[in-house]
Amino acid sequence: MNIKPLLVRLQNTIGRDDLIEQIVLLSTPKISVSKEAQSAKSINLIVGYNSSPNSHTALDIALLIAHQTRLATKAHVTVQVVYIIEDHRNCHGVDDVPREETPASSVGEHIPLHFLTKSSSEELNTGIITQTKLQDNTTYSRDRLVDRFAQAERILREASCLAAEWKTSFKAHLRFGCITSQFRQVVESEQADILFLGCHSRKHPIVRKLGSQFPCSILGVPTSLSNKHT
């Protein structure tokens, strides 16, 4: 889809004329006319979210864009957050992101529901999409996984509350595994138009590993909107 009108509205709202250059980390690949027509009626925005300040800003930007787009075009806009619990061994022994640079990273893929209490399971079934089976070679022990899952549940509930304030159509994905591959899987399965990350630069490890052939545009957090520089 053509994301420029979305970004122009955002830029005008914030009152800056340099926002587009800062926020676009990867441009959208060329798409077919039929895909363009479909995206005009329904827009999917995905946010890599882990409750860090940068990922929080990325979610705020996505929610603002969704709100502006609904008002301006009447299109149906859905904001989806993805939390990936990283499993380094399933990333072939290579870390996706340095630990001190985790803008939208240490957050989750699908965790089995049998790790949940009854109340937690009922909560997740209302909107968090989870996987039904973990890989056998997961590096997490059962106890550690339960702790990470509880943390993920709190973080995704926080994101859901933020979306509710904007009255935005919302979905959450809890995933487990390699960060870049999980982002790609969610973007492809949801036919996302934009992926928002809490990164400032095209040189960030996640952006570089996602690659130039990523199926949608990647937007980051402008340095002018954050006190943290990466």
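Further up the page is the structure itself.
Just so we're clear, the structure is a prediction, and the values are computed from it rather than from any experiment.

About the criteria used
- Residues numbered from 1 in each chain as written.
- Predicted model: local features only at pLDDT ≥ 70, side-chain atom pairs only at ≥ 80, totals over all residues.
- Heavy atoms only, no water.
- Helix = DSSP H or I, 4+ residues; strand = E, 2+ residues; numbered from the N terminus.
- Buried < 20%, exposed > 50% of the residue type's maximum accessible area, 1.4 Å probe, protein only.
- Contact = heavy atoms within 4.5 Å.
- Expected span 1.5 Å × (residues − 1).
- Arc of directions from axis to C-beta.
- Salt bridge = Lys/Arg side-chain N within 4 Å of Asp/Glu carboxyl O.
- Core = buried A, V, L, I, M, F, W, Y, C linked by side-chain atoms within 4.5 Å.
- Axes fitted to C-alpha atoms, helices over the stretch in contact; angles between N-to-C directions.
- Parallel < 35°, antiparallel > 145°, perpendicular 65-115°, else oblique.
- Nonpolar A, V, L, I, M, F, W, Y, C, P; charged D, E, K, R; others polar.
- Polar contact = N/O pair within 3.5 Å; in protein donor to acceptor, adjacent residues only side chain to side chain.
- Pairing = 2+ DSSP bridges.
- Right-handed = clockwise from strand over helix to strand, strands pointing away.
- Left-handed = near helix turned anticlockwise from the far one by under 90°.

> Can you tell me about the overall build of the chain, naming the residues and giving the values?
The helix and strand tally for the chain stands at 8 helices and 7 strands. A total of 230 residues make up the chain; the buried ones form 52% of that total. The long-range share in the chain, meaning contacts at least 24 apart out of those at least 6 apart in sequence, stands at 75%.

> If you had to explain unusual backbone geometry to someone new, which residues and values would you point to?
Excluding glycine, a negative phi dihedral is what most residues carry, and trans is how most peptide bonds are arranged. Even without glycine at this site, Ser51 takes up a positive phi of about 75 degrees. Summarising the element assignment, Ser51 is placed in the loop between strand S2 (42-48) and helix H4 (53-73). Looking at Ser51, the relative accessible area reads 29%, which means it is partly exposed. Positive phi outside glycine occurs at Lys167, with the angle close to 55 degrees. Note on placement: Lys167 falls in the loop between helix H6 (142-165) and strand S5 (169-177).

> Give me helix H7 (residues 179-190): which residues, what numbers.
The terminal C-alpha atoms of H7 lie 17 Å apart, and with 12 residues this matches the ideal 16 Å at 1.5 Å per residue to within 8%. Restricting attention to buried positions, one finds in H7 the residues Ile179, Thr180, Gln182, Phe183, Val186, Val187 and Glu190. One face of H7 carries all of its buried residues, which in axial projection span an arc of 165 degrees. Taken from the residues just after H7, Gln191 is the one with a positive phi, measuring 50 degrees.

> Give a detailed account of the pattern of salt bridges, specifying residues and quantitative values.
Evaluated as defined, the whole model comprises 4 salt bridges. One salt bridge in this structure joins Glu190 and Lys171, with 2.9 Å as the shortest N-O distance. With Glu190 in helix H7 and Lys171 in strand S5, this residue pair connects regions lying 19 residues apart in the sequence.

> Pulling in residues and values, what's your account of the nonpolar core?
Soluble globular proteins tend to bury their nonpolar side chains together. Residues Leu45, Leu59 and Phe196 are the most contacted members of the largest nonpolar core, which totals 41 residues. Contributions of two or more residues to this core are made by helix H1 (4-14), helix H2 (19-23), S2, H4, strand S3 (76-86), H6, S5 and strand S6 (194-196). Every residue in contact with Leu45, bar those within four places of it in the chain, is listed here: Ala62, Ile65, Ala66, Val77, Thr78, Val79, Gln80, Ile194 and Phe196. Counting 19 residues, the second largest nonpolar core, distinct from the first, contains Leu25, Ile179, Ala192 and Ile218.

> Tell me about the environment of Ala172, and please be specific about residues and values.
Its place among the elements puts Ala172 in strand S5. The buried category is assigned to Ala172, whose relative accessible area is 1%.

> An account of the packing of H1 against H4 is requested, with residue identities and associated values reported.
Each packed pair of helices is defined by two parameters, the angle between the axes and the distance between the axes. Viewed as axis vectors pointing N to C, H1 and H4 meet at an angle of 110 degrees, and their least axial separation amounts to 10 Å. Between H1 and H4, the angle falls in the class roughly perpendicular. Contact residues: Leu6, Leu7, Arg9, Leu10 and Thr13 in H1; Ile61, Leu64, Ile65, Gln68, Thr69, Ala72 and Thr73 in H4. For the contact of H1 with H4, the per-class residue count stands at 7 nonpolar, 4 polar and 1 charged.

> Describe the side chain of Gln80, and please don't skip the residues or the numbers.
Mapped onto the elements, Gln80 comes out in strand S3. A polar contact is formed between the side chain of Gln80 and the side chain of Glu190, at a distance of 3.3 Å.

> Give me the pairing of S2: which residues, what numbers.
For S2, the tally of buried residues reaches 6 of 7 residues, placing the bulk of the element in the interior. Pairing of S2 with S3 involves 7 bridges; the strand directions are parallel. Paired with Ser42 across the bridge in S3 is His76. Handedness of the crossover is the feature at issue here: the chain leaves S2, passes through H4, returns alongside S3, and the resulting connection is right-handed. Here S2 pairs with S6 via 3 bridges, running parallel.

> An account of the packing of H4 against H6 is needed here, citing residue identities and associated values.
As a packed pair, H4 and H6 sit with axes 10 Å apart at the nearest point and diverge in direction by 30 degrees. One element, H4, and the other, H6, form an angle in the roughly parallel class. For the pair H4 and H6, the sense of crossing is right-handed. The residues of H6 that touch H4, namely those facing His56, Leu59 and Leu63, are Ala159, Leu162 and Ala163. Taken together, the residues of the contact of H4 with H6 break down into 5 nonpolar, 1 polar and no charged.

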